[in-house]
Amino acid sequence: MCSQEDEGYRLLKEYANGFMVSQVLFAACELGVFELLAEALEPLDSAAVSSRLGSSPRGTELLLDTCVSLKLLQAAVRGGKAVYANTELASTYLVRGSPRSQRDMLLYSGRTAYVCWCHLAEAVREGRNQYPKAFGIPSEELFSAIYRSEDERLRFMEGLQDVWRLEGASVLAAFDLSPFPLICDLGGDFFKDPLPEADLYILARVLHDWTDAKCCHLLQRLYRACRTGGGVLVIESLLDADGRGPLTTLLYSLNMLVQTEGRERTPAQYRALLAPAGFRDVQCRRTGGTYDAVLARK
Ligand SMILES: C[S@@+](CC[C@H](N)C(=O)[O-])C[C@H]1O[C@@H](n2cnc3c(N)ncnc32)[C@H](O)[C@@H]1O
């Protein structure tokens, strides 16, 4: 095999095995491996981990060693046995309660998003979300699917919050918001409920859930409620102008396909939603992080 073919094969294996890596991460979070090791007074061997988690000795040892290889755990040898501790990465991002913890987002990804992603081919074929196959909920009933139980609602909201703890500051710093004394961060049933009057409405990770038609309807409602001189701040992950990157945003767009009615959009596509609703001076700013900001004025 020539080296170009080697590279192709290596890449193919990396892509094909990507789901196994995600599952190792999700399973270790589900089982509470990182909390156990954070609370232990010293590194633990796999027998101690399996007995405290109530998990099988064989499965636990395999999972722990794979976590070491993924740099989620570190191993040392004590008395001829491997003992495990969290790495800096795990202590910072995986342990519940750490200020930068992403644990709730990972639990949500493993328990909900992943289950919908198992039906990606069907989602592409049908062009709709996969709640019916994943959870037996009709695709039209997005709200009841996403908030199908109090536990699920809380996990979803806590997962969303994990991301803002890391990325919220950069999106809010993208524009000077000081001209807007009264800011409303929109949530709840904004398609039906009366909207409070405000100078600025924040629509964070809202428009990407919906079809163009529903976005237009919502933006028209916002325009009517908005004070003159006010505006709307759309916070989303922006696609490149040609719609073919960045990869993370393309993957998020597929995530919207398997889970919602919407998609991620390019700056031009957001302009095309905002202008007909009456908004002007549309400015798009990339933050360099996962989420970007679009500001438009009334
Ligand atoms: C993805 S969450 C984003 C929450 C928050 N802005 C953030 O960025 O973390 C979507 C928001 O849309 C609201 N929403 C309104 N109608 C909805 C519906 N029919 N289905 C799902 N979410 C809906 C939810 O209450 C929730 O606040």
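Residues numbered from 1 in each chain as written. Predicted model: local features only at pLDDT ≥ 70, side-chain atom pairs only at ≥ 80, totals over all residues. Heavy atoms only, no water.

(A) Geometry of helix H4 (residues 57-69). Over its 13 residues, H4 extends 19 Å from the first C-alpha to the last, a length consistent with the 18 Å expected when each residue adds 1.5 Å. The inward-facing, buried residues of H4 abut helix H1 (3-31), helix H2 (33-39), helix H3 (46-53), strand S2 (73-78) and strand S3 (81-86). With its phi angle positive at about 65°, Lys71 sits one or two positions after the end of H4. (Helix = DSSP H or I, 4+ residues; strand = E, 2+ residues; numbered from the N terminus. Expected span 1.5 Å × (residues − 1). Contact = heavy atoms within 4.5 Å.)

(B) Geometry of the packing of H1 against helix H6 (residues 103-117). Where H1 meets H6, the axes come as close as 9 Å, and the angle between the chain directions of the two elements is 120°. As far as their axial angle goes, H6 and H1 are oblique. Crossing handedness for the pair H1 and H6: left-handed. Touching Phe19, Gln23, Leu25, Phe26, Cys29 and Glu30 of H1 are Arg103, Leu106, Leu107, Ser109, Gly110, Arg111 and Tyr114, all from H6. Split by residue class, the contact of H1 with H6 holds seven nonpolar, three polar and three charged. (Axes fitted to C-alpha atoms, helices over the stretch in contact; angles between N-to-C directions. Parallel < 35°, antiparallel > 145°, perpendicular 65-115°, else oblique. Left-handed = near helix turned anticlockwise from the far one by under 90°. Nonpolar A, V, L, I, M, F, W, Y, C, P; charged D, E, K, R; others polar.)

(C) Representation of the site of the ligand. Among the 13 residues in the neighbourhood of the ligand, the closest are listed as Phe143, Trp164, Gly188, Ala204 and Arg205. Ala204 is positioned such that a nitrogen or oxygen atom in its backbone is 2.8 Å from a nitrogen atom of the ligand. With respect to the ligand, the side chain of Arg205 contributes an N or O atom lying 3.0 Å from an oxygen atom. Of all elements in the fold, only helix H9 (142-146) and helix H10 (150-172) reach the threshold of two or more residues within the shell around the ligand. Per-element tally for the shell around the ligand: the top contributor is H10, with three residues. Tallied by class, residues from the shell around the ligand come to nine nonpolar, two polar and two charged. Of the residues that make up the shell around the ligand, three or more belong to each of domain 2 (102-168) and domain 3 (176-298). (Near = heavy atom within 4 Å. Polar contact = N/O pair within 3.5 Å; in protein donor to acceptor, adjacent residues only side chain to side chain. Domains from an automatic or database assignment.)

(D) Representation of the environment of His119 in the model. On the secondary structure map, His119 appears in the loop between H6 and helix H7 (120-126). His119 has contacts with Gln130, Lys133 and Ala134, leaving out every residue within four places of it along the chain.

(E) Here's a closer look at the nonpolar core. Core analysis: the largest hydrophobic core is formed by 55 residues, its most contacted members being Leu186, Tyr201, Leu203, Leu222, Val232 and Leu233. A domain-level breakdown of this core finds at least three residues from each of domain 2 (102-168) and domain 3 (176-298). Among the nonpolar cores identified, the runner-up in size contains 23 residues, and Cys29, Leu37, Cys67 and Leu73 belong to it. (Core = buried A, V, L, I, M, F, W, Y, C linked by side-chain atoms within 4.5 Å. Buried < 20%, exposed > 50% of the residue type's maximum accessible area, 1.4 Å probe, protein only.)

(F) Broad picture of the state of the cysteines. Following the criterion strictly, the structure yields zero disulfides and no others. With no disulfide of its own, Cys226 has Cys184 as its nearest cysteine by sulfur position, at a separation of 10 Å. The buried category is assigned to Cys226, whose relative accessible area is 3%. Cys284 forms no disulfide, and the closest cysteine sulfur to it belongs to Cys215, at a distance of 14 Å. Since its relative accessible area comes to 25%, Cys284 is described here as partly exposed. (Disulfide = S-S within 2.5 Å.)

(G) Region of the structure containing a nonpolar patch on the surface. A surface patch of nonpolar side chains, about 350 Å² in accessible area, is lined by Val124, Leu247, Leu251 and Leu254. Position of Leu247 among the secondary structure elements: in helix H12 (residues 247-259). (Patch = residues over 30% accessible without salt bridge, like charges linked within 9 Å, V, L, I, M, F, W, Y side chains within 5 Å. Areas by Shrake-Rupley, 256 points an atom, 1.4 Å probe, with all protein chains shown as cover. Salt bridge = Lys/Arg side-chain N within 4 Å of Asp/Glu carboxyl O.)

(H) Examining unusual backbone geometry more closely. Omega for the bond connecting Gly245 with Pro246 falls within 30 degrees of zero, at -15°, which places this linkage in the cis form. As for its placement among the helices and strands, Pro246 is situated in the loop between strand S6 (226-236) and H12. In the Ramachandran plot, Asp281 falls in the positive-phi region, its phi being about 50° despite a non-glycine side chain. Mapped onto the elements of the fold, Asp281 is located in strand S7 (residues 280-285). For Asp281, a relative accessible area of 45% corresponds to the partly exposed category.

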